[in-house]
Amino acid sequence: MPYPLSIKLPEASKEEDCDNDSAHRRFSISSTPGGLGSRLQLPSRPVSLTDEEAALHELGYGPNLSLTPSFSTSRVERLLRERQLRRSNSLYNLESRENRPIKQPGDDAAAGGASGVGRGGADGRRARAEEGPVTGIKFESTGALSAKHVREKQRLLVVANRLPVSATRKGESSWALELSAGGLVSALLGVRQFETRWIGWPGVNVQDDKGQKSLSSALEEKGFIPVFLDEETVDQYYNGYCNNVLWPLFHYIGLQQEDRLAATRSLQSQFSAYKRANRLFAEVVLSQYQDGDVVWCHDYHLMFLPKFLKEANSRMKLGWFLHTPFPSSEIYRTLPLRSELLKAVLTADLIGFHTYDYARHFVSACTRILGLEGTPEGVEDQGKLTRVAAFPIGIDSERFIKALETDMVRSHIQKLRGRFAGRKVMLGVDRLDMIKGIPQKLLAFEKFLEESPEWQDKVLLVQIAVPTRTDVHEYQRLTSQVHEIVGRINGRFGTLGTVPIHHLVVMQDRSLEFHELCALYAITDVLLVTSLRDGMNLVSYEYVACQNTKKGVLILSEFAGAAQSLGAGAILINPWNISEVAASIEDALTMKEVERKERHRHNFMHVTTHTAQVWADTFVSELNDTIVEAELRTLRIPPWLPLEKAVEKFQESKNRLLILGFNATMTAQVEAPGRRGPDQIKEMKLRLHAGLKDAFNVLCMDPKTTMVILSGSERSVLDEAFGEFNMWLAAENGMFLRHTQGEWMTTMPEHLNMDWVESVQLVFDYFCERTPRSYVEARETSLVWNYKYADVEFGRVQARDMLQHLWTGPISNAAVDVVQGSKSVEVRPVGVSKGAAIDRILLEIVHSRHMTTPIDYVLCIGHFLSKDEDIYTFFEPELPFERDICGNGKTLEPKLPFDRRIGTKGCERILAKNSNKVGVTRSKIFPLLSPERNGSHSKSDDRKFSEGPSDEESGKWEGSSVLDLKGENYFSCAVGRKRSLARYSLGSSEEVVGFLKAITKIYTEVPPGECSPKQPESPARDTWHSSPKSSKIASQNQL
């Protein structure tokens, strides 16, 4: 536990004290920076409550809350109090003001500078591909952390592909370390409330044990934990899959077209190495992890890491951040094994991107490829929400501002001013990479000089380039192209004394020092950024931070992530439009001072307020908040079905009722792994899961068990799937009923109004024609428009438009309900639902089976729409049923438990006719509902069922019940739905099959004297009975 629970809460304000007087405070919605949507704000804590009571109060629950067994009060309490203290900015300042802050790795380098051009190792240049160039800096050991500090501060485990160091072996057990402080290092230097530890590959191949131990020891002194990878894994994982597959694709560079099968095998081998490397990272993280740590994974190198970590510890606080762009779903879907990567990343609690566009593309990919639900908060998968949000990174602006005041930088500024006197200076600082648009920049500058000859001897372009991956042919060709363009421009517009372009290629042994870069930023008039695709591009941030005196102009590509942050003060360009870029250069050089100051003021304010430290602190705080809200959602998620208890109560009961849904509850899954989406042809043909047939044969032979299939499907579908079993079928949400040995009868009200069908059918057909792969299901009691197989986003837009058409036209005055599923719209008459039909269904079943024993066990399992979840509450013994007016017109007392006692003479006749042993005296009676409960069920409907004994015969059975159900014997279970009125939940139809098979196992060991399901059924008690008077064959004419 990172924080002691005895920390005192900050004092509440007067306004909060007033709010605390209310006993029924609700959650309020407030906007959160960086998020895609709204957030929950918790109520404040009354001073008089204990710690446990306070935690529950902050969750919005009263003292009578009954928590699920899996709910950890202490954990939620701690998380809630952490968040409240963080937001009051007092979490780490309560008792440790006198203590010195923990020295982070690289603190000594912060004063000397940690950003510039040049970086040790090729991996370092790629690892922070989107953060701008950096300078290597020497540092000394920070020493070991004190035990006191470790206890007081939460640990932050930062996991990246490369450690921010370059290690050089000096001897058998001696190492020289050099810190490479890029944007990520600078960001985390300012996060003082955490003890930060870095985990990553050290960048060197160390095979011997002695070398690994000595390097680990040297790195651990600095707060770094190495992950050792062998040379082959590095080549296939980093140089192969990361740099040749993921990095190009994420920057909108298509995959290479292979003409040989060997290349395909190589890709599969690289993917295996990628997973293997991620697993090695996971092993090191788990060896360092302590309860309460925050794990922050970075970049596309580690997309499988969240999955491996969550599989080992599901309660781990885990975030993942991508420093590159995330492509649109149309680009990402070309990636082989695309689904595996998305599913692995989605196991994280919080996923961060630099811009909203990248976050939107990720959510869209999850929606279109995985078929998951995209929400304003992120991606939802069967109730599990992964938050997706935008967190634009910044720089340590204060460090650049202070550097300009040093004598070294001032001296260099004077030298540069003297060298470039009389000429406007334009600057470009880029990696020599295909995505940086250096050729486009040079061509635009050439066009500007061609069209504006008066500027040929008055302007100078200083282009600094850092080579990367010099061993790759494409990069070699790019380097030659750049040199060719520079030579042509200098030869065309240069003179004996001057040239228009100063092209400086910074090699590893010629790094541009930090003070030189700051001086160059300070004297520049125009910074030209022409990235074709860039995650962020922090060079623009560094330039703005150094321009508070000169007020230079920033020309920024709209394809760089920084354009969304600095767009207000920059001149945005499309680097592919050479004429536009050339015109922007002229606008920047001739811009008036007033406009330059105003533009710079906007950008400078953003750069100095949205710093790297704020970025890191915001992400980690949001991650902690996400964990809190996940716990809040867990309170509303039904717990898993207790299999052993359900089977035990089933075995102990004397008369059981099993109500099962069909679609997504007992259907076989047909989706093939790795497919973009479901197979429409196969899925539209509903098939019973093959594993259920044996279980149904056993259960249907048991005279103590009544099985009902309750579905929204048509009668023909249920006949085909269940016709061979001895059970009851209720089609179209219970409006049609039959035993498999009998004929269909209707349970719907006789005066059901279906005049709206034709007009709604026209609207559905209209949208079906305009929404590819959508279809209409025309049932006898409802119409359904389904867009499950259509494009998800387009389907949602069409559904919203359809609802507007329906409410303003065909159903504006009709007595219908519109039921919205996840990917469907259904129109049905008012009162048509599974819960409304179940009382009439039970009435017929009780009569037909001649029941003499009350039902004492009910199992209700299904994947029902929210409109049909009233069936779960129908059987709930302890559900408080509030109602203003009952069926007979009398007013009920508020909050009176609704006693489901038989009140109709029809039910009394049945019970009196069947047995004289049904009278049950108990504290909680749970009988069938009377017709008065459902206003649509009139007395005339009773003729659909059997006529029983006379009123005089049934008078003595007043108060009897056909349901003698205790709370411990009722199991309602939602399948694949985490937000439900059901008591419990199951994940899929596979788990339903497993549960029903577990029930059938009890029949293999039947105690002596009990009826075995293999014995013949008793005709006097269990043979299904029907008479012409009791059954009414449904037909189209009845509608």
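Residues numbered from 1 in each chain as written. Predicted model: local features only at pLDDT ≥ 70, side-chain atom pairs only at ≥ 80, totals over all residues. Heavy atoms only, no water.

A look at the overall build of the protein chain
Logical step 1: When helices and strands are counted, the protein chain shows 36 helices and 32 strands.
Logical step 2: Across the 1039 residues in the protein chain, those meeting the buried criterion constitute 56%.
Logical step 3: If you take every contact in the protein chain between residues at least 6 apart in sequence, the share linking residues at least 24 apart comes to 76%.
Logical step 4: Here the protein chain has roughly 44900 Å² of accessible surface; of this, 49% comes from carbon and sulfur atoms. (Helix = DSSP H or I, 4+ residues; strand = E, 2+ residues; numbered from the N terminus. Buried < 20%, exposed > 50% of the residue type's maximum accessible area, 1.4 Å probe, protein only. Contact = heavy atoms within 4.5 Å. Areas by Shrake-Rupley, 256 points an atom, 1.4 Å probe, with all protein chains shown as cover.)

Focus: the pattern of salt bridges
Proximity of charged atoms lets side chains of opposite charge pair with each other.
Logical step 1: Evaluated as defined, the whole model comprises 36 salt bridges.
Logical step 2: We note a salt bridge from E330 to R333, for which the minimum N-O separation is 2.8 Å.
Logical step 3: Residue R333 is classed as partly exposed on the basis of its relative accessible area of 27%.
Logical step 4: Note that R492 is salt-bridged to E446, the shortest N-O span being 3.2 Å. Taken together, the residues span a long stretch of sequence, with R492 in helix α18 (residues 473-493) and E446 in helix α17 (residues 438-451) at a distance of 46 residues.
Logical step 5: Here E446 falls in the buried class, since its relative accessible area comes to 9%. (Salt bridge = Lys/Arg side-chain N within 4 Å of Asp/Glu carboxyl O.)

Digging into the nonpolar core
Logical step 1: The biggest cluster of nonpolar side chains holds 92 residues, and the ones touching the most others in it are F696, F722, F875 and L996.
Logical step 2: Counting residues in each nonpolar core, the second largest holds 72 residues, with L163, V185, C518 and M536 among its members. (Core = buried A, V, L, I, M, F, W, Y, C linked by side-chain atoms within 4.5 Å.)

Points about the sheet that holds strand β28 (residues 816-820)
Logical step 1: Strand order in the open sheet made by the four strands is β26-β27-β29-β28, with antiparallel pairing throughout. Two strands bound the open sheet, and with one partner strand each, they are β26 (775-778) and β28. The average angle at which neighbouring strand axes cross in this sheet is 15°, direction not considered.
Logical step 2: Where β26 meets strand β27 (residues 783-786), four bridges bridge the pair, whose relative direction is antiparallel. Looking at β27, one finds that E777 is bridged to V784.
Logical step 3: Against the sheet, helix α30 (residues 792-808) engages β27, β28 and β29 (824-829), with an angle of about 25° to β29. (Pairing = 2+ DSSP bridges. Axes fitted to C-alpha atoms, helices over the stretch in contact; angles between N-to-C directions.)

Section: the confidence of the model for the protein chain
Logical step 1: Scored by pLDDT, the protein chain comes out at a mean of 75, with 70% of its residues at no less than 70.
Logical step 2: Taken as a whole, residues 1-73 scores under 50 in pLDDT and shows 129 contacts with residues more than four places along the chain or in a different chain.
Logical step 3: Here residues 672-676 scores under 50 on pLDDT; set against residues more than four positions off or in separate chains, the count is nine contacts. (pLDDT = per-residue confidence, 0-100.)

Topic: the packing of helix α13 (residues 338-345) against helix α14 (residues 356-370)
Logical step 1: One can describe the packing of α13 onto α14 by two numbers: an axis separation of 11 Å at closest approach and a directional angle of 125°. As judged from the angle between their axes, α13 and α14 are oblique. For the crossing formed where α13 meets α14, the hand is left-handed. Taken together, the residues of α14 that come into contact with α13 (itself represented by R338, S339, L342, K343 and V345) are F362, A365, C366, I369 and L370.
Logical step 2: When the residues that make up the contact of α13 with α14 are grouped by side-chain class, the tally is seven nonpolar, one polar and two charged. (Parallel < 35°, antiparallel > 145°, perpendicular 65-115°, else oblique. Left-handed = near helix turned anticlockwise from the far one by under 90°. Nonpolar A, V, L, I, M, F, W, Y, C, P; charged D, E, K, R; others polar.)

As for unusual backbone geometry
Logical step 1: Of note in this structure, L337 is not a glycine but carries a positive phi near 60°.
Logical step 2: Here L337 shows up in the loop between α12 (329-332) and α13.
Logical step 3: In this structure, K551 takes a positive phi of about 60° despite not being glycine.
Logical step 4: Residue placement: K551 occurs in the loop between α20 (539-545) and β19 (553-557).

Points about the packing of aromatic side chains
Logical step 1: Overall, the coordinates contain 37 aromatic pairs when judged by the stated rule.
Logical step 2: Plain terms: the ring middles of Y857 and F971 are 5.7 Å apart, the flat faces sit at 40° to each other, and that makes the pair tilted. You can see Y857 sitting in strand β30 (residues 857-862) and its partner F971 sitting in strand β31 (residues 970-975), a full 114 residues away along the chain.
Logical step 3: Judged by relative accessible area, which is 0%, Y857 ranks as buried.
Logical step 4: Three or more aromatic residues joined by ring pairs form one cluster here, namely F250, Y300, W320, F326, Y332, F353 and F362.
Logical step 5: Of note, R162 hangs over the ring of W201, and the distance from its end group to the ring centre comes to 5.7 Å.
Logical step 6: Against the face of F400 rests R399, its NZ or CZ located 5.5 Å from the ring centre. (Phe/Tyr/Trp six-rings, centres within 6.5 Å; stacked < 30°, edge-to-face > 60°. Lys NZ or Arg CZ within 6 Å of the ring centre and 35° of its normal.)

Topic: the packing of helix α27 (residues 693-700) against helix α35 (residues 989-1000)
Logical step 1: Here α27 crosses α35 at 40°, and the two axes come no closer than 9 Å. Taken together, the axes of α27 and α35 are oblique relative to one another. Between α27 and α35 lies a crossing of left-handed hand. Each of A695, F696, V698 and L699 in α27 lies in contact with α35, whose residues at this interface are L996, I999 and T1000.
Logical step 2: The residue inventory of the contact of α27 with α35, partitioned by class, reads six nonpolar, one polar and no charged.

Focus: the pairing of strand β16 (residues 459-467)
Logical step 1: Taking burial as the measure, the nine residues of β16 include nine buried ones, the bulk of the element.
Logical step 2: Residues V459, L461, Q463, A465 and P467 of β16 are buried on one face, and the alternating residues L460, V462, I464 and V466, pointing to the opposite face, are buried as well.
Logical step 3: Sheet analysis places strand β15 (residues 424-432) next to β16, joined by nine bridges and oriented parallel. Residue M426 lies in a different strand from β16, and its bridge partner there is L461.
Logical step 4: After leaving β16, the chain enters α18 and then returns to the sheet as strand β17 (residues 501-505), a path that is right-handed. (Right-handed = clockwise from strand over helix to strand, strands pointing away.)

Topic: helix α25 (residues 643-652)
Helical geometry note: an α-helix holds 3.6 residues per turn, so side chains three or four residues apart project in the same direction.
Logical step 1: Regarding α25, the residues found buried are A646, V647, K649 and F650. Down the axis of α25, the buried set is contained in an arc of 165°. They therefore lie on one face.
Logical step 2: Residues of α25 that are buried sit in contact with β21 (656-660), α27, β22 (705-710), β30, β31 and α35. (Arc of directions from axis to C-beta.)

Observations concerning the sheet that holds strand β11 (residues 350-353)
Paired through backbone hydrogen bonds, the strands of a sheet run either parallel or antiparallel to each other.
Logical step 1: Spatially, nine strands are ordered β8-β7-β4-β9-β10-β11-β14-β13-β12 in an open sheet, and the strand pairing comes out mixed. Single-partner strands in this sheet number two, and they are β8 (224-226) and β12 (373-375). Each strand of the sheet is rotated relative to its neighbour by a mean of 20°, with strand direction disregarded.
Logical step 2: Across five bridges, the pairing between strand β9 (residues 294-298) and strand β10 (residues 317-321) is parallel. The residue bridging W296 from the neighbouring strand is G319, located in β10.
Logical step 3: Contacts from α14 reach β11, β12, β13 (378-381) and β14 (384-390), with the element oriented near 150° to β14.

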